[in-house]
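Okay, here's what each chain looks like letter by letter:
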Amino acid sequence: MRTVPSIIHLDMDAFFAAVEQASKPSLRGKPVIVGGLGGRGVVSTASYEARKFGVHSAMPMAQARRLCPNAAFLTGRFAAYRANSEIVMGLLRERSPLVEPLSLDEAFVDLEAGPYGPALAAATTPAEAAQLVLALAEDLRADIVEHTGLTASVGAAGSKLMAKIASERAKPDGLVLIEPGSERAVLAPMPVRALPGIGPATEQALRRAGLATVADLAEAGYGELVALLGKAHGAGVFQMSLGWDERPVVPDRDAKSVSVEDTFEVDLADRDRITREVELLAARCVRRLRATGRSGRTVVLKVRRFDFSTLTRSETLRGPTDDEEVITATARRLAAQVDVTGGVRLLGVGVAQLADFTQEDLFAQLEREEKEAREAGEQAVEQDVVVEEEAAVAEPAARRWWPGQDVTHREFGPGWVQGSGVGRVTVRFETPYSGVGKVRTFAVGDEELEPSEALPLRAAAG
Ligand SMILES: [Mg+2]
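Keep in mind that what you see is a predicted model, and the values were worked out from it rather than measured.

## Structural notes on the nonpolar core
Counting residues in each nonpolar core, the largest one holds 44 residues, and the members touching the most others are Leu10, Met12, Phe15, Tyr81, Leu92, Ile144 and Leu150. For this core, the secondary structure elements donating two or more residues are β1 (7–12), α1 (15–23), β2 (32–35), β4 (72–74), α4 (78–93), β6 (106–110), α6 (126–148) and β7 (152–157). The contact partners of Leu10, leaving out residues within four places of it in the chain, are Val88, Leu92, Asp105, Glu106, Ala107, Leu140, Ile144, Ala152, Ser153 and Val154.

## Remarks on unusual backbone geometry
Cis geometry is found at the peptide bond from Lys171 to Pro172, where omega equals -15 degrees. Residue placement: Pro172 occurs in the loop between α7 (160–170) and β8 (175–177).

## Here's the deal with the confidence of the model for the protein
Averaged over every residue, the pLDDT of the protein is 88; residues scoring 70 or more account for 88%. Contacts from residues 379–397, a stretch scored under 50 in pLDDT, to residues over four places away or in other chains number five contacts.

## Here's the deal with the sheet that holds β2
Spatially, three strands are ordered β3-β2-β4 in an open sheet, and the strand pairing comes out mixed. The sheet is open, and its two edges are formed by β3 (43–46) and β4, each paired on a single side. Sheet twist, expressed as the mean angle between neighbouring strand axes with direction ignored, is 25 degrees. In this structure, β2 lies alongside β4, joined through three bridges in parallel fashion.

## Quick look at the environment of His9
Here His9 is to be found in strand β1. In this structure His9 comes out as buried when scored by relative accessible area, which is 1%. Residues His9 and Glu106 lie 97 residues apart in sequence; the distance between their C-alpha atoms is 7.3 Å. In contact with His9, other than residues within four places in its own chain, are Leu102, Glu106, Ala107, Phe108, Ser153, Val154, Gly155, Ala163, Lys164 and Ser167. In this structure the side chain of His9 is engaged in a polar contact, spanning 2.9 Å, whose partner is the side chain of Glu106.

## So, the UniProt feature "site: Substrate discrimination" (unreviewed entry) in the protein
Residues annotated in UniProt with the feature "site: Substrate discrimination" (unreviewed entry) correspond here to Phe16. Checked against the element boundaries, Phe16 lands in helix α1.

## With respect to the coordination of the magnesium ion
In this structure, Asp11 (OD), Met12 (O) and Asp105 (OD) serve as the protein donors to the magnesium ion, at separations of 2.1 to 2.4 Å. All donors of the magnesium ion come from a single chain, and their spacing in sequence reads D-M-x92-D. Assessed through its relative accessible area of 2%, Met12 is described here as buried.

## A short note on the sheet that holds strand β11 (residues 310–321)
Taken together, the four strands give an open sheet; going across it, the order is β9-β12-β10-β11, and neighbouring strands pair in antiparallel fashion. Each having just a single partner strand, β9 (258–268) and β11 make up the two edges of the open sheet. For this sheet, the mean inter-axis angle between neighbouring strands, taken without regard to orientation, is 15 degrees. Most of the contacts of α4 go to β11, to which it runs at about 90 degrees, and overall it touches β10 (295–305) and β11. Packing of helix α13 (residues 324–336) onto the sheet brings it into contact with β10, β11 and β12 (344–355), and relative to β11 it is tilted by some 145 degrees.

Criteria and cut-off values
- Residues numbered from 1 in each chain as written.
- Predicted model: local features only at pLDDT ≥ 70, side-chain atom pairs only at ≥ 80, totals over all residues.
- Heavy atoms only, no water.
- Core = buried A, V, L, I, M, F, W, Y, C linked by side-chain atoms within 4.5 Å.
- Buried < 20%, exposed > 50% of the residue type's maximum accessible area, 1.4 Å probe, protein only.
- Helix = DSSP H or I, 4+ residues; strand = E, 2+ residues; numbered from the N terminus.
- Contact = heavy atoms within 4.5 Å.
- pLDDT = per-residue confidence, 0-100.
- Pairing = 2+ DSSP bridges.
- Axes fitted to C-alpha atoms, helices over the stretch in contact; angles between N-to-C directions.
- Polar contact = N/O pair within 3.5 Å; in protein donor to acceptor, adjacent residues only side chain to side chain.
- UniProt positions renumbered as here; feature names shortened; annotations may be inferred.
- Donors = N, O, S within 2.8 Å, 3.2 Å for Na, K, Ca; no water.

See below:
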């Protein structure tokens, strides 16, 4: 175990909601809820102002609307979150080559491997080492504010386990250091769920055995935990209960992939049968992906033809997902592009560019809602035709505007969609660098109004 608290865990505060508040001056200090706004939508992130009303991640959106009806409800802007995530991860990589992102807004960093490693190693007392780590972490937090305007919480400790616990205690906008040597005392009163690898099922099993806190686990001992949870899991939980965690910070986890494939006894030539097999493979691939607790961004289809020629086709999604519907639809789309004349002897489906994406999968929700909206739009177009025939009134082709979307108006400049309905769209004209902007309403088909790219939160100097 390390005697210097040189592992840090960084977690951006209410990241998606914070990006929205930084982008939209009128929302600063107000409750903001980002997530799927459709019928089955769930909250992805709630701002701290919304959390006061009891709104939290993974809550059904309908419930969030009841608890906090006056919040701004926004569909996520994945490109903006990704852009700011890249800035933050870049600042972390200036501190060490060992950066392990867990999601867009969370990462472990091993300071020992970076430019400050020698200074940390040279510290003569634990207090001196702790002072140095605290100074480095405060400098990092200030750097993030300077480059993004967003706040981060940081935990520092001698292990990943304790660094993560420290950052939770630091929230929001704080810094907590857990001294090496104090792990067991810090963990003792915590509920068993605080340890990684203990989910609801394990918690229940432990509760039935009368084990509720981490101290209970440590006292129960190795043999008892192995008897309850099996050898590998029991041993791991026992070690964690004592604060023993030697897991290294592992960079570049995105390099790996998960895939499954099948070779057929008889070459498949029937297009429907091939589609069906691709769907089955995609489902298996998703199960395997989920078993690793990860998500992937690139879907890969592998086809070996009757003549043993092998080809792969891939499609990269806007964000990582483990959603079966999204991955299956993508694999099906890739299969439809492949010439299968003569027959297919092997099919494979894989997911690459993996990430530990534990946040509620906003991306999958967006895909689903876009699909639903497209289908609804198609119906609307059909109805429009009927209306046109009856009343001879030509409605402009319906364009879809969604809450939070970046837009530009030819006359009024950049802004964002505050809401839309009954043929109208309301836009607030403000930017990350302006004051609170004014609201104007347009017809949904107004040709002066166009979707646009997210602006950076900090304007480039110059
Ligand atoms: Mg966060």
